[in-house]
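# Examination of the molecular architecture
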Amino acid sequence: MNPRKKVDLKLIIIGALGVGKTSLLHQYVHKTFYEDYQTTLGASILSKIIILDDTTLKLQIWDTGGQERFRSMVSTFYKGSDGCILAFDVTDLESFEALDTWRGDVLAKTIPMEPSYPMVVLGNKIDLADRQVPQEVAQGWCKEKDIPYFEVSAKNDINVVQAFEMLASRALSRLGARIAERTEMLSQTGSAPVARTHGLRLCQCNERGSFSHLPEAAFHLNLE
Ligand SMILES: Nc1nc2c(ncn2[C@@H]2O[C@H](COP(=O)(O)OP(=O)(O)OP(=O)(O)O)[C@@H](O)[C@H]2O)c(=O)[nH]1
Ligand SMILES: [Mg+2]
(Lines give C-alpha, C1' and ligand atoms only; values in the text may rest on other atoms or scores of the structure.)
(Ligands and ions follow the chains in the order given, each with its own letter.)
Protein backbone atom coordinates (compact mmCIF):
# COMPACT_ATOMS: atom_id res chain seq x y z
CA MET A 1 0.00 0.00 0.00
CA ASN A 2 1.17 3.50 -0.77
CA PRO A 3 -0.30 5.59 2.06
CA ARG A 4 0.42 8.82 0.15
CA LYS A 5 -2.33 8.07 -2.32
CA LYS A 6 -5.46 9.54 -0.78
CA VAL A 7 -8.72 10.31 -2.50
CA ASP A 8 -11.97 11.81 -1.26
CA LEU A 9 -15.12 10.51 -2.93
CA LYS A 10 -18.60 11.88 -2.56
CA LEU A 11 -21.23 9.17 -2.98
CA ILE A 12 -24.97 9.49 -2.66
CA ILE A 13 -27.75 7.01 -1.91
CA ILE A 14 -31.22 7.65 -3.28
CA GLY A 15 -34.50 5.79 -3.73
CA ALA A 16 -38.11 5.69 -2.59
CA LEU A 17 -39.36 6.10 0.94
CA GLY A 18 -38.52 3.30 3.37
CA VAL A 19 -36.54 1.08 0.99
CA GLY A 20 -33.70 0.88 3.52
CA LYS A 21 -31.21 3.56 2.41
CA THR A 22 -30.30 4.59 5.96
CA SER A 23 -30.17 0.96 7.09
CA LEU A 24 -27.81 0.01 4.27
CA LEU A 25 -25.53 2.89 5.08
CA HIS A 26 -25.51 2.09 8.82
CA GLN A 27 -24.81 -1.54 8.09
CA TYR A 28 -21.92 -0.57 5.84
CA VAL A 29 -20.38 2.07 8.11
CA HIS A 30 -21.27 0.91 11.64
CA LYS A 31 -22.20 -2.75 11.18
CA THR A 32 -25.51 -2.14 12.93
CA PHE A 33 -29.17 -2.63 12.00
CA TYR A 34 -32.31 -1.17 13.62
CA GLU A 35 -35.79 -2.63 13.15
CA ASP A 36 -37.49 0.67 14.02
CA TYR A 37 -38.08 3.14 11.23
CA GLN A 38 -37.08 6.78 11.48
CA THR A 39 -37.48 8.55 8.18
CA THR A 40 -34.54 10.69 7.06
CA LEU A 41 -35.38 14.37 7.02
CA GLY A 42 -33.53 15.93 4.10
CA ALA A 43 -30.10 14.36 4.19
CA SER A 44 -27.29 13.27 6.45
CA ILE A 45 -23.70 12.30 5.80
CA LEU A 46 -21.59 9.41 7.04
CA SER A 47 -17.90 8.86 6.34
CA LYS A 48 -15.81 5.75 6.03
CA ILE A 49 -12.18 5.27 5.16
CA ILE A 50 -11.30 2.22 3.11
CA ILE A 51 -8.29 1.00 1.20
CA LEU A 52 -8.90 -0.08 -2.34
CA ASP A 53 -5.97 -1.38 -4.40
CA ASP A 54 -3.18 0.89 -3.21
CA THR A 55 -5.33 3.91 -2.50
CA THR A 56 -6.85 5.22 0.71
CA LEU A 57 -10.39 6.37 -0.01
CA LYS A 58 -12.30 8.67 2.26
CA LEU A 59 -15.91 8.02 1.36
CA GLN A 60 -18.36 10.74 2.21
CA ILE A 61 -21.73 9.09 1.74
CA TRP A 62 -24.84 11.22 1.57
CA ASP A 63 -27.97 9.54 2.85
CA THR A 64 -31.12 11.17 1.49
CA GLY A 65 -34.77 11.12 2.53
CA GLY A 66 -37.15 9.41 0.11
CA GLN A 67 -40.11 11.68 0.87
CA GLU A 68 -41.51 13.51 -2.14
CA ARG A 69 -41.16 16.87 -0.41
CA PHE A 70 -37.36 16.46 -0.33
CA ARG A 71 -37.08 15.52 -3.98
CA SER A 72 -35.89 18.83 -5.37
CA MET A 73 -33.57 19.40 -2.43
CA VAL A 74 -32.04 15.93 -2.85
CA SER A 75 -31.45 16.54 -6.54
CA THR A 76 -29.18 19.48 -5.69
CA PHE A 77 -26.79 17.04 -3.97
CA TYR A 78 -26.08 15.11 -7.18
CA LYS A 79 -23.92 17.90 -8.51
CA GLY A 80 -20.28 17.20 -7.75
CA SER A 81 -20.95 13.64 -6.62
CA ASP A 82 -18.67 10.85 -7.80
CA GLY A 83 -21.25 8.10 -7.85
CA CYS A 84 -24.70 7.09 -6.78
CA ILE A 85 -26.54 4.12 -5.28
CA LEU A 86 -30.09 3.61 -6.52
CA ALA A 87 -31.93 1.59 -3.89
CA PHE A 88 -35.29 -0.17 -4.03
CA ASP A 89 -37.12 -2.71 -1.87
CA VAL A 90 -37.68 -6.12 -3.49
CA THR A 91 -40.98 -6.42 -1.57
CA ASP A 92 -42.27 -3.10 -2.95
CA LEU A 93 -42.91 -3.05 -6.71
CA GLU A 94 -43.54 0.70 -6.77
CA SER A 95 -40.09 1.40 -5.37
CA PHE A 96 -38.60 -0.60 -8.27
CA GLU A 97 -40.78 1.14 -10.86
CA ALA A 98 -39.58 4.48 -9.50
CA LEU A 99 -35.96 3.69 -10.43
CA ASP A 100 -36.41 5.11 -13.93
CA THR A 101 -37.36 8.47 -12.49
CA TRP A 102 -34.55 8.47 -9.91
CA ARG A 103 -32.00 7.58 -12.58
CA GLY A 104 -33.38 10.25 -14.91
CA ASP A 105 -33.09 12.85 -12.14
CA VAL A 106 -29.45 11.96 -11.53
CA LEU A 107 -28.48 12.00 -15.19
CA ALA A 108 -30.21 15.32 -15.71
CA LYS A 109 -28.32 16.91 -12.84
CA THR A 110 -24.80 15.51 -13.28
CA ILE A 111 -22.82 18.12 -15.13
CA PRO A 112 -21.95 17.61 -17.90
CA MET A 113 -24.70 15.06 -18.50
CA GLU A 114 -22.76 11.83 -18.46
CA PRO A 115 -24.27 8.41 -19.31
CA SER A 116 -21.21 6.68 -17.81
CA TYR A 117 -21.64 8.37 -14.41
CA PRO A 118 -21.03 5.56 -11.84
CA MET A 119 -24.16 3.99 -10.41
CA VAL A 120 -25.12 0.71 -8.77
CA VAL A 121 -28.60 -0.62 -8.08
CA LEU A 122 -29.38 -2.34 -4.78
CA GLY A 123 -32.47 -4.51 -4.39
CA ASN A 124 -32.81 -4.51 -0.60
CA LYS A 125 -34.70 -6.67 1.96
CA ILE A 126 -34.03 -10.02 0.28
CA ASP A 127 -34.38 -11.59 3.75
CA LEU A 128 -38.17 -11.08 3.51
CA ALA A 129 -40.49 -13.70 2.00
CA ASP A 130 -43.13 -11.47 0.37
CA ARG A 131 -41.09 -10.54 -2.66
CA GLN A 132 -42.74 -8.49 -5.45
CA VAL A 133 -39.76 -7.91 -7.77
CA PRO A 134 -38.21 -11.08 -9.22
CA GLN A 135 -34.43 -11.05 -9.37
CA GLU A 136 -34.46 -11.58 -13.16
CA VAL A 137 -36.68 -8.54 -13.70
CA ALA A 138 -34.38 -6.27 -11.70
CA GLN A 139 -31.33 -7.77 -13.35
CA GLY A 140 -32.89 -7.23 -16.80
CA TRP A 141 -33.54 -3.54 -16.09
CA CYS A 142 -29.97 -3.05 -14.89
CA LYS A 143 -28.45 -4.93 -17.81
CA GLU A 144 -30.36 -2.75 -20.25
CA LYS A 145 -28.99 0.36 -18.53
CA ASP A 146 -25.53 -1.15 -18.03
CA ILE A 147 -25.62 -0.71 -14.25
CA PRO A 148 -24.31 -3.37 -11.81
CA TYR A 149 -27.06 -4.97 -9.72
CA PHE A 150 -26.78 -6.35 -6.18
CA GLU A 151 -29.40 -8.24 -4.20
CA VAL A 152 -28.82 -7.13 -0.62
CA SER A 153 -30.12 -7.23 2.91
CA ALA A 154 -29.22 -4.47 5.34
CA LYS A 155 -30.72 -6.62 8.07
CA ASN A 156 -28.63 -9.73 7.46
CA ASP A 157 -25.62 -7.91 6.04
CA ILE A 158 -25.78 -9.64 2.67
CA ASN A 159 -23.74 -8.11 -0.19
CA VAL A 160 -23.66 -4.68 1.45
CA VAL A 161 -19.88 -4.21 1.48
CA GLN A 162 -19.56 -5.59 -2.04
CA ALA A 163 -22.13 -3.13 -3.39
CA PHE A 164 -20.65 -0.02 -1.77
CA GLU A 165 -17.14 -0.98 -2.76
CA MET A 166 -18.10 -1.70 -6.35
CA LEU A 167 -19.42 1.86 -6.53
CA ALA A 168 -16.30 3.28 -4.85
CA SER A 169 -14.10 1.39 -7.29
CA ARG A 170 -16.02 2.69 -10.31
CA ALA A 171 -16.01 6.22 -8.96
CA LEU A 172 -12.26 6.04 -8.41
CA SER A 173 -11.63 4.78 -11.95
CA ARG A 174 -13.74 7.56 -13.41
CA LEU A 175 -11.95 10.21 -11.39
CA GLY A 176 -8.53 8.86 -12.39
CA ALA A 177 -9.54 8.74 -16.06
CA ARG A 178 -10.82 12.30 -16.02
CA ILE A 179 -7.66 13.58 -14.38
CA ALA A 180 -5.45 11.71 -16.84
CA GLU A 181 -7.52 13.11 -19.72
CA ARG A 182 -7.25 16.66 -18.43
CA THR A 183 -3.53 16.30 -17.70
CA GLU A 184 -2.97 15.06 -21.24
CA MET A 185 -4.98 17.94 -22.67
CA LEU A 186 -3.04 20.52 -20.69
CA SER A 187 0.34 19.00 -21.53
CA GLN A 188 -0.55 18.99 -25.25
CA THR A 189 -1.49 22.64 -25.17
CA GLY A 190 1.72 23.45 -23.31
CA SER A 191 -0.03 25.11 -20.40
CA ALA A 192 1.77 26.59 -17.46
CA PRO A 193 2.85 24.11 -14.75
CA VAL A 194 -0.11 25.02 -12.60
CA ALA A 195 -3.31 25.22 -14.58
CA ARG A 196 -6.80 26.10 -13.50
CA THR A 197 -9.98 25.11 -15.18
CA HIS A 198 -13.62 24.85 -14.28
CA GLY A 199 -16.40 22.35 -14.70
CA LEU A 200 -14.50 19.25 -13.58
CA ARG A 201 -14.60 17.52 -10.21
CA LEU A 202 -12.77 19.50 -7.55
CA CYS A 203 -9.41 17.84 -7.10
CA GLN A 204 -5.86 18.50 -6.27
CA CYS A 205 -2.97 16.61 -7.84
CA ASN A 206 -0.15 16.71 -5.34
CA GLU A 207 2.09 14.38 -7.22
CA ARG A 208 1.77 11.99 -10.10
CA GLY A 209 -1.24 9.80 -9.40
CA SER A 210 -2.09 11.32 -6.06
CA PHE A 211 -5.12 13.55 -5.78
CA SER A 212 -7.72 14.76 -3.34
CA HIS A 213 -10.75 16.97 -3.60
CA LEU A 214 -10.64 20.66 -2.84
CA PRO A 215 -13.43 22.56 -1.19
CA GLU A 216 -13.23 25.52 -3.59
CA ALA A 217 -14.97 25.85 -6.92
CA ALA A 218 -11.83 25.37 -8.99
CA PHE A 219 -9.84 22.49 -10.31
CA HIS A 220 -6.07 22.53 -10.04
CA LEU A 221 -3.59 20.40 -11.87
CA ASN A 222 -0.03 20.54 -10.77
CA LEU A 223 1.98 19.42 -13.77
CA GLU A 224 5.41 19.98 -12.25
N1 LIG B 1 -36.42 -7.01 6.85
C2 LIG B 1 -35.67 -5.96 6.49
N3 LIG B 1 -36.03 -4.74 6.89
C4 LIG B 1 -35.24 -3.70 6.51
C5 LIG B 1 -34.07 -3.87 5.73
N6 LIG B 1 -33.53 -2.66 5.51
C7 LIG B 1 -34.30 -1.78 6.14
N8 LIG B 1 -35.34 -2.39 6.75
C9 LIG B 1 -36.39 -1.75 7.55
O10 LIG B 1 -37.13 -0.88 6.69
C11 LIG B 1 -37.54 0.29 7.40
C12 LIG B 1 -37.05 1.53 6.64
O13 LIG B 1 -35.65 1.55 6.64
P14 LIG B 1 -34.80 2.89 6.43
O15 LIG B 1 -33.39 2.48 6.33
O16 LIG B 1 -35.15 3.89 7.45
O17 LIG B 1 -35.37 3.35 5.01
P18 LIG B 1 -34.99 4.68 4.19
O19 LIG B 1 -34.92 4.30 2.76
O20 LIG B 1 -33.78 5.32 4.78
O21 LIG B 1 -36.27 5.56 4.43
P22 LIG B 1 -36.43 7.17 4.24
O23 LIG B 1 -35.31 7.83 4.95
O24 LIG B 1 -37.77 7.47 4.86
O25 LIG B 1 -36.46 7.43 2.77
C26 LIG B 1 -36.94 0.18 8.80
O27 LIG B 1 -37.95 -0.31 9.67
C28 LIG B 1 -35.84 -0.86 8.67
O29 LIG B 1 -35.60 -1.59 9.84
C30 LIG B 1 -33.71 -5.21 5.34
O31 LIG B 1 -32.73 -5.48 4.67
N32 LIG B 1 -34.57 -6.21 5.75
MG1 LIG C 1 -33.50 7.15 5.63
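Residue numbering note: each chain is counted from 1, following its sequence as written. Starting at A for chains and at 1 for ligands, labels are handed out in the order in which the entities are written. Reporting of local features is limited, given that this is a predicted model, to residues whose pLDDT is at least 70; pairs of side-chain atoms are given and counted only at 80 or more, and all residues count toward the totals for whole chains, interfaces and linings.

By definition, a residue lies near a molecule or strand when the C-beta atom built from its backbone is within 6 Å of it. If you check the shell around ligand 1, you find 22 residues, and the closest are Gly20, Ser23, Thr39, Thr40 and Gly66. Here the shell around ligand 1 takes three residues from helix H1 (residues 21-30), the largest share from any one element. Residue polarity is assigned by list, with Asp, Glu, Lys and Arg as charged and Ala, Val, Leu, Ile, Met, Phe, Trp, Tyr, Cys and Pro as nonpolar; anything else, Gly included, falls into the polar class. Here the residues of the shell around ligand 1 are counted per class, giving six nonpolar, 10 polar and six charged. To qualify as a helix, a DSSP run of H or I must reach at least 4 residues; to qualify as a strand, a run of E must reach at least 2; elements of each kind are numbered from the N terminus.

Moving on, we get to helix H4 (residues 99-109). A residue is called partly exposed when the number of other C-beta atoms within 10 Å of its own lies between 12 and 20, exposed at 12 or fewer, and buried at 20 or more, with C-beta atoms placed from the backbone. Residues of H4 that are buried: Leu99, Trp102 and Val106. All buried residues of H4 lie within an arc of 65° about the axis, which places them on one face of the element. In H4, the exposed positions that point more than 90 degrees away from the buried face belong to Asp100, Thr101, Gly104 and Ala108. Throughout, the arc means that of the directions going from the helix axis to the C-beta atoms.

Quick look at the pairing of strand S1 (residues 6-15) now. Judged by how many residues are buried, S1 sits mostly within the fold: nine of 10 residues are covered. Paired strands, in this sense, are two strands between which DSSP finds at least two bridges. As judged from the five bridges shared by S1 and strand S4 (residues 83-89), these two strands associate in the parallel manner. Across the sheet, residue Ile12 finds its bridge partner in S4, namely Cys84.

This next bit is on the sheet that holds strand S5 (residues 119-124). With respect to topology, six strands assemble into an open sheet ordered S2-S3-S1-S4-S5-S6, the strand pairing being mixed. Among the strands making up the open sheet, the edge pair consists of strand S2 (43-52) and strand S6 (149-151). Within the sheet, the average angular offset between the axes of one strand and its neighbour, ignoring direction, is 25°. Here eight bridges tie S1 to strand S3 (residues 55-64), and the two strands are oriented parallel to one another. Its bridge partner lying in S3, Ile13 is registered against Asp63. On the sheet, H1 packs against S1, S2, S3, S4 and S5 and is oriented at approximately 155° with respect to S3. C-beta atoms are first placed from the backbone for all residues, and any pair lying within 7 Å is then listed as a contact. Axis definition: a line fitted to C-alpha atoms, limited for helices to the stretch in contact. Angles are taken between N-to-C directions and run from 0 to 180 degrees. This element, H4, spans S1, S4 and S5 of the sheet and lies at about 165° to S4.

Examined against the element boundaries, Ile12 turns out to sit in strand S1. Apart from residues lying up to four places away in sequence, Ile12 is in contact with Trp62, Thr64, Phe77, Tyr78, Ser81 and Cys84.

The next thing to look at is the environment of Gly42. Tracing the sequence through the fold places Gly42 in the loop between H1 and S2. Contact partners of Gly42, with chain neighbours within four places excluded, come to Gly65, Phe70 and Met73.

Leu11, Ile13, Leu24, Ile85, Leu86 and Leu122 are the most contacted members of the largest nonpolar core, which has 45 residues in total. Listing elements by their share of this core, those giving two or more residues are S1, H1, S3, S4, H4, S5 and helix H6 (160-188). Counting residues per element, this core draws most heavily on H6, at seven residues. Once you skip the residues sitting within four places of it in the chain, Leu24 turns out to touch Ile13, Ala87, Leu122, Asn124, Val152, Ala154 and Val160. A set of buried Ala, Val, Leu, Ile, Met, Phe, Trp, Tyr and Cys residues, joined through C-beta atoms within 7 Å, is what we mean by a nonpolar core.

Structural measurements only, silent on function.
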